[in-house]
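Summary of the model geometry
So the chains spell out like this:
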Amino acid sequence: MSEDEVLFLIGSIGLALVCLPFVFGWLKHRLYLRRNPAAAVPLLAVAAAMAWTTFVLWKYADPSVVGVYKFFYWMMGLAVVLGPGFWVTSIYGIRTSVDVYQRRNMAAAIVIGAFALATGLIFGGSNWGEADPSSDAEGGWWIPVGFFFAGWIALLIVMGIYLRGERGSLRKRVVQDRSIGDARAAASYLIGTALVLTHAVAGDFWGWTEGLMGVASVALLTITHELCRRAVPVVLTTVESDQPQLGGGRYLESLVYLVIGVAFWLLTYWLTPTR
């Protein structure tokens, strides 16, 4: 392993070890864990995320990912799941330590677990495929890391649009009202979007231009759909009727999809060198 790979491995192990006690509530008194079904959700989310990452690394990763490199990428996946995967929910006011372990809030646990699982799905997908399918050259750790962050940032943007379009605060409905239905809806949307982005970041690496263009096109299509689904009905509501008039909006949405698809196809054709 090179010096930078050793550095990243040590950093990943350190981050994972720091986060483990907080994510699994090991620093809490055992009374917080006893008869607390919500406490099982973080464990299940991490187990599912790492099972997916393990499957990809052992079956569909680049042929150069062998031996210690499997452990290297696996530890990187564990670090991003335990770190950003759980920390990101604090942006929305949903905290693992307080809401899951102290307040035994199952609704909060569902949302937190979904974010962690979505993070693991995208990271696993970023390791799927060969680093250089046109030759025997080996890739580098920066390729899956770059695609992971591209997909994960797209996930945050799409989720932000989803939350802005919802009525009321997600924090209020999940933390204060403990609404399982709202938590389940947000979690389902997260996982569904993560599956789409996982497919976008997976595959053989033919260059940053083609790869990131593919991720950007999927993200933009998803964002466009979310914006149209929430904004168009409001804009097209008439004075005579309180019901949204969706026909014209759907035509506009369809046109936007076609424009995005053609535009990205042309950009990929022009900017990507011949294989």
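Every value quoted in this text rests on a predicted model; they were computed, and no experiment measured them. (Residues numbered from 1 in each chain as written. Predicted model: local features only at pLDDT ≥ 70, side-chain atom pairs only at ≥ 80, totals over all residues. Heavy atoms only, no water.)

The next point concerns the pattern of salt bridges. Enumeration over the complete set of coordinates arrives at 3 salt bridges. The salt bridge involving D177 is made with K172; its shortest N-O contact spans 3.3 Å. For D177, a relative accessible area of 45% corresponds to the partly exposed category. For the salt bridge of R173 with D182, the shortest nitrogen-to-oxygen distance reads 3.2 Å. Here D182 falls in the partly exposed class, since its relative accessible area comes to 25%. (Salt bridge = Lys/Arg side-chain N within 4 Å of Asp/Glu carboxyl O. Buried < 20%, exposed > 50% of the residue type's maximum accessible area, 1.4 Å probe, protein only.)

Remark: helix α1 (residues 3–23) packs on helix α4 (residues 68–82), axes separated minimally by 8 Å, with the N-to-C direction vectors making an angle of 40 degrees. Relative to α4, the element α1 lies oblique. Read as a crossing pair, α1 and α4 show a hand that is left-handed. Two secondary-structure elements touch here, α1 through E5, F8, L9, S12, I13, L15, A16, C19, L20 and V23 and α4 through Y69, F71, F72, M75, M76, L78, A79 and L82. Per-class residue counts for the contact of α1 with α4 are 16 nonpolar, 1 polar and 1 charged. (Axes fitted to C-alpha atoms, helices over the stretch in contact; angles between N-to-C directions. Helix = DSSP H or I, 4+ residues; strand = E, 2+ residues; numbered from the N terminus. Parallel < 35°, antiparallel > 145°, perpendicular 65-115°, else oblique. Left-handed = near helix turned anticlockwise from the far one by under 90°. Contact = heavy atoms within 4.5 Å. Nonpolar A, V, L, I, M, F, W, Y, C, P; charged D, E, K, R; others polar.)

A word on the packing of aromatic side chains. Where two aromatic rings form a pair, the distance of their centres and the angle of their planes describe that pair. Tallying each qualifying case throughout the model produces 11 aromatic pairs. Ring plane angle 75 degrees and centroid distance 5.7 Å describe the contact between F123 and F148, whose orientation is recorded as edge-to-face. Here the residue F123 occupies a position in helix α7 (residues 106–126), and F148 occupies one in helix α8 (residues 142–165), the gap between them amounting to 25 residues. The exposure classification of F123 matches that of F148, with both residues buried. Here the aromatic rings of F148 and F149 are separated by 5.1 Å at their centres, their planes lie at 65 degrees, and the arrangement is edge-to-face. For F148, a relative accessible area of 1% puts it in the buried group. Accessibility expressed as a relative area gives 38% for F149, which makes it partly exposed. Among the aromatic side chains, those forming a connected cluster through ring pairs are W52, F55, Y60 and W128. (Phe/Tyr/Trp six-rings, centres within 6.5 Å; stacked < 30°, edge-to-face > 60°.)

On to the confidence of the model for the protein, then. Model confidence for the protein is summarised by a mean pLDDT of 78, while 69% of its residues fall at 70 or above. A low-confidence stretch, residues 232–249 (pLDDT under 50), is modelled with 12 contacts involving residues beyond four sequence positions or located in other chains. (pLDDT = per-residue confidence, 0-100.)

Here the focus is the environment of L33. One can find L33 in helix α2 (residues 30–33). When its relative accessible area of 32% is taken as the criterion, L33 is described as partly exposed. Between the alpha carbons of L33 and Q102 there is a distance of 8.8 Å; along the sequence they are 69 residues apart. Those residues in contact with L33 that lie beyond four places of it in its chain are F24, G25, A39 and Y101.

What follows concerns the packing of α7 against helix α10 (residues 180–201). At a minimum axis separation of 8 Å, α7 and α10 run at an interaxial angle of 5 degrees. Here α7 is positioned roughly parallel relative to α10, judged by the angle of their axes. Here α7 contributes M106, A107, I110, V111, A114, F115, L117, A118, L121, I122, G125 and S126 to the contact with α10, which in turn contributes I180, A183, R184, A187, L190, I191, A194, L195, L197, T198 and V201. Each residue belonging to the contact of α7 with α10 can be placed in one class, and the counts come to 19 nonpolar, 3 polar and 1 charged.

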